Amino acid sequence: MLYRRRYVLFVVLLLGFIWFVILPLFSKDDLAITLRQHGQDRHSADGLDTLEGAQPLHSSKRTARNTQVRSPDTGSNAGDDDDLSEIDFPQQPELLPVSSFGKARIAEENAGREGAWIEDTRRRRRRGRTTPSAPVETSKFNRSHQRQVNAPGHKGRMVRVDPQSLSSRDRRIYDSGWRKYSHNEYVNNMISPQRMLPDVRDPGCHSLQYTVDNLEASVVIVIRNEAWMTLLRTIHSVLDRSPANLLKEIILVDDASTFSHLGSQLTKYVSHISKVRVMRLKYHRGASYARQLGASIITGNVIVFLDAHCECTEGWLEPLLSRIAENRSNVAVPVLDIIDADTFSYLAYSASRIRIGGFDWSLAYKWMQMPDHEKRRRSSSIDPIRNPVMWGGIFAISRDFFNHLNGYDQSLNMFGGGQNIEMSFRIWMCGGTIETIPCSHVGHIFHNQVASGEPSFSREVLRNDMALAHMWLDEYKEIHFQKMGIESTPEFNNTADHLAFRKRLKCRSFDWFLRNIYPVLFAPTLALASGKIRSKMKVGSGICIALTDLDTEKKLTMASCQSSDDQNMLWTLSQIGEIRLNNDCLDYPGDYIRVYSCHGGKGNQEWNYHEDGTIQQVGTKRCLSVSASVGRRLTMEKCVASDRQIWYWQRIDGRESATTRKQAIKQELAKAD
């Protein structure tokens, strides 16, 4: 009898040890992976796409607002039994630290939320939980201000963790988070889902009055295997920092995520939030398809697309809606600040340092400084900035104008990228305007690499780029093919339909886009002069300006024009006055002549080639010369039009034939970079 009692007591103690000590050591994601390996999937049994919300559409208690889903094509309401998945679609910067913006204006209720998070975090840790299961209710807690100040990540401050100081268990969690999400997930889980951020707007933004003309925003956020806390901060930053009368709803489109916390846990979480709904795709279809699907069910008259790892700041929404209210064809883009992927510090751009988007002839996106012609057009540092190409998919657009453009081009491969460039071409050439709004700031985590389980697809990238060239570049597509080393390529099946679409919408040409919107992109066909720059001086068979590529630097020299290797002598004069060889430009900072990467900002790189043959630097009014001393060096001297300052350079007539233009392209781009 005594033996049995001891046996029962031992079993009870063993079970208690397993329940309270062993199980909390395993993460919920690891447990979910084990469950999925045994056939337990997070999706519903029938596997159909579903739409979920605070009051699910299939619920008998739903409100009148949730019983109707607007169809973008007819304006009618779709019934509850519609299959939303079967909709037929038409074909690092220079930063300012947060502290430089002064003390943030913090609402009292936001302070309460972060204090609530601290207390809730302590309780969750005692229970062995790593994430909250429901929104933190401010009214439950009334904590001191000191707790908010000391909260990790408070006001966008960095949170540093030394991985070498972590225990072996925590180090495994730390390393696993980086592999899984390409950011510091260990730090991410330490920060409140409703953390306070500084007001990073320019002081001039606070006095602006915004008129929105009864516009209401529907925010569409695509989710694909997103980290839990970054998603929560995205949702709560939209809810907490958007005026209630301007925010219609938040649509979360789950692009067939495989992580367990994005299943029933997310559904339960948003069921507490009246303006949030979740739509789920059965199969992974890509961001552009998911955005299009989310846009098709919105009820607001403005669509705001966001990524699932953003944080909106104070006053982010009103400037976007106000710009659209002025003209419904305006597409408004917020300033994309940086949330550091390691420390989660918030790094913001000042109004004078905002960068815009561009691309090169390979159609690769790049950040660039605001060009001089745009600076001259604006009268204030907080005026909207014309943006040739927007980054990713973070922008606000009128629902009617989005539908007018037929939304995203679904013919592009979902893994190939380029949808942002295609959408930018579509907006600019077909009647719209893309502008970055300096008074609207949204923080974004820029991941340094593709997260685990999301491979890169180089063939799909090449295919999408070729499709873009055929659809939008017109006669300039030959430049792209030469840049990519492609002699010729067949047109795609949908090219004819796309050209018909452009004709129906009376879209402008790419030549118009290049001359009026993106003149800083140098096209060999638009060169004012091209070829060797030969000095008038009688030295041997003639001397030309050459670029010598040494191991440590590139150096300008004077060399024989009869050199067998003349690729380093073929210069072009761009429309904005650059003397270019590939991506290098003649640059004169005031002390010596050199080559420097072309930046499109004129300044030290702006030159005039006069009729008398002199080449004059615009800023200093000095002329390019061959030194009088032995050595044949290039110098900058006062302009006197002597033989040492006269240059022979082939001018190009802008009315040349298309055949001649193609020859010029081959000549300039044959010097493969």
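Right, let's walk through the structure included here. (Residues numbered from 1 in each chain as written. Predicted model: local features only at pLDDT ≥ 70, side-chain atom pairs only at ≥ 80, totals over all residues. Heavy atoms only, no water.)

Once that is clear, we can look at the overall build of the chain. Counting its regular elements, the chain contains 18 helices and 27 strands. Evaluated residue by residue, the chain yields a buried proportion of 51% over its 673 residues. Carbon together with sulfur atoms contributes 49% to the accessible area of the chain, which is approximately 32,200 Å² in total. (Helix = DSSP H or I, 4+ residues; strand = E, 2+ residues; numbered from the N terminus. Buried < 20%, exposed > 50% of the residue type's maximum accessible area, 1.4 Å probe, protein only. Areas by Shrake-Rupley, 256 points an atom, 1.4 Å probe, with all protein chains shown as cover.)

Interaxial distance between helix H13 (residues 419-429) and helix H14 (residues 458-472) falls to 10 Å at its minimum, and their mutual angle equals 10°. Taken as axis vectors, H13 and H14 run roughly parallel relative to one another. In this structure, H13 contributes Gln419, Ile421, Glu422, Phe425, Arg426 and Met429 to the contact, and H14 contributes Asn464, Leu468 and Trp472. Split by residue class, the contact of H13 with H14 holds five nonpolar, two polar and two charged. (Axes fitted to C-alpha atoms, helices over the stretch in contact; angles between N-to-C directions. Parallel < 35°, antiparallel > 145°, perpendicular 65-115°, else oblique. Contact = heavy atoms within 4.5 Å. Nonpolar A, V, L, I, M, F, W, Y, C, P; charged D, E, K, R; others polar.)

Here we take up the side chain of Asn387. Structurally, Asn387 is set in the loop between strand E13 (385-386) and strand E14 (395-398). Using a relative accessible area of 4% as the deciding quantity, one classes Asn387 as buried. In contact with Asn387, not counting residues within four places along its chain, are Ile356, Gly357, Trp428, Ile434, Glu435 and Thr436.

This part is about the pairing of strand E4 (residues 217-223). When you tally the buried positions in E4, you get seven out of seven residues, the bulk of the element. Here E4 shows a buried face lined by Ala217, Val219, Ile221 and Ile223 and a second buried face lined by Ser218, Val220 and Val222. Handedness of the β-α-β unit built from E4, helix H7 (residues 228-240) and strand E5 (residues 247-254) comes out right-handed. (Right-handed = clockwise from strand over helix to strand, strands pointing away.)

Going through the model one piece at a time under the given rule, you end up with 21 aromatic pairs. Members of the aromatic cluster, each reached through a chain of ring pairs, are Phe359, Trp361, Phe425, Tyr476, Phe510, Phe513 and Tyr518. When the ring centre of Tyr289 is taken as origin, the NZ or CZ atom of Arg285, which lies over that ring, is 4.0 Å away. Here Arg508 stacks its cationic end above the ring of Trp512, 4.3 Å away from the centre of that ring. (Phe/Tyr/Trp six-rings, centres within 6.5 Å; stacked < 30°, edge-to-face > 60°. Lys NZ or Arg CZ within 6 Å of the ring centre and 35° of its normal.)

So, about H14. Under the 1.5 Å per step criterion, the end-to-end length of H14 is 21 Å for 15 residues, consistent within 8% with the ideal 21 Å. By the burial criterion, the buried members of H14 are Asn464, Asp465, Met466, Ala467, Leu468, Ala469, His470, Met471 and Trp472. Buried positions along H14 lie against H13, helix H15 (477-483), helix H16 (495-504) and helix H17 (510-516). Downstream of H14 by a residue or two, Asp474 has a phi angle that is positive, lying close to 55°. (Expected span 1.5 Å × (residues − 1).)

With that settled, consider the pattern of salt bridges. If you walk through the whole model with that rule in mind, you get 20 salt bridges. Where Arg426 meets Glu422, a salt bridge forms, and the shortest distance between an N and an O atom there is 2.8 Å. In this pair, Arg426 and Glu422 are both assigned in helix H13, four residues apart and thus about one turn of the helix distant. Like Glu422, Arg426 is buried. For the salt bridge of Asp587 with Arg594, the shortest nitrogen-to-oxygen distance reads 3.1 Å. When salt bridges with common partners are traced through the structure, they connect Arg195, Arg233 and Glu311 into a single cluster. (Salt bridge = Lys/Arg side-chain N within 4 Å of Asp/Glu carboxyl O.)

Of the volumes computed, that of the largest cavity is approximately 110 Å³. As for the largest cavity, its lining consists of 15 residues, of which Pro334, Leu336, Arg355, Trp367 and Thr436 are closest to the centre. Looking at the lining of the largest cavity, the elements that each hand over two or more residues are strand E9 (330-339), strand E11 (356-359) and strand E12 (365-368). With four residues, the top contributor of residues to the lining of the largest cavity is E9. Grouping the constituent residues of the lining of the largest cavity by class yields 11 nonpolar, three polar and one charged. In this structure, the second largest cavity encloses a volume near 80 Å³. Tallied by class, the residues present in the lining of the second largest cavity amount to eight nonpolar, two polar and two charged. (1 Å grid on protein atoms, 1.4 Å probe; cavity = no way out; pocket = protein on both sides within 12 Å on 5 of 7 lines; lining within 4 Å. Points joined across faces, edges and corners; volume = space filled by probe spheres on them.)

Of note, Lys155 is a non-glycine position whose phi angle comes to about 60°, a positive value. As for its position among the elements, Lys155 is in the loop between helix H4 (145-149) and helix H5 (168-181). Phi at Ala641 takes a positive value of approximately 60°, unusual for a residue other than glycine. Relative to the helices and strands, Ala641 is located in the loop between strand E26 (634-638) and strand E27 (647-651).

The next point concerns a nonpolar patch on the surface. Taken together, Tyr7, Val8, Phe10, Val11, Val12, Leu14, Leu15, Phe17 and Ile18 make up a surface patch of nonpolar side chains, about 850 Å² in accessible area. Residue placement: Val8 occurs in helix H1 (residues 2-22). The exposure class of Val8 is partly exposed, given its relative accessible area of 49%. (Patch = residues over 30% accessible without salt bridge, like charges linked within 9 Å, V, L, I, M, F, W, Y side chains within 5 Å.)

A few words now on the state of the cysteines. A covalent bond bridging the sulfur atoms of two cysteines is what the word disulfide describes. Summed over all chains, the structure comprises five disulfides. Through a disulfide, Cys585 is tied to Cys598; the S-S separation comes to 2.0 Å. Negative torsions about the S-S bond denote left-handed disulfides, and the value of about 105° found for Cys585 with Cys598 makes this one right-handed. Here Cys585, found in strand E21 (residues 584-587), pairs with Cys598, found in the loop between strand E22 (594-597) and strand E23 (607-609); they are 13 residues apart in sequence, far enough to count as distant. Using a relative accessible area of 0% as the deciding quantity, one classes Cys585 as buried. No disulfide involves Cys310; its sulfur sits 6.6 Å from that of Cys312, the nearest cysteine. (Disulfide = S-S within 2.5 Å.)

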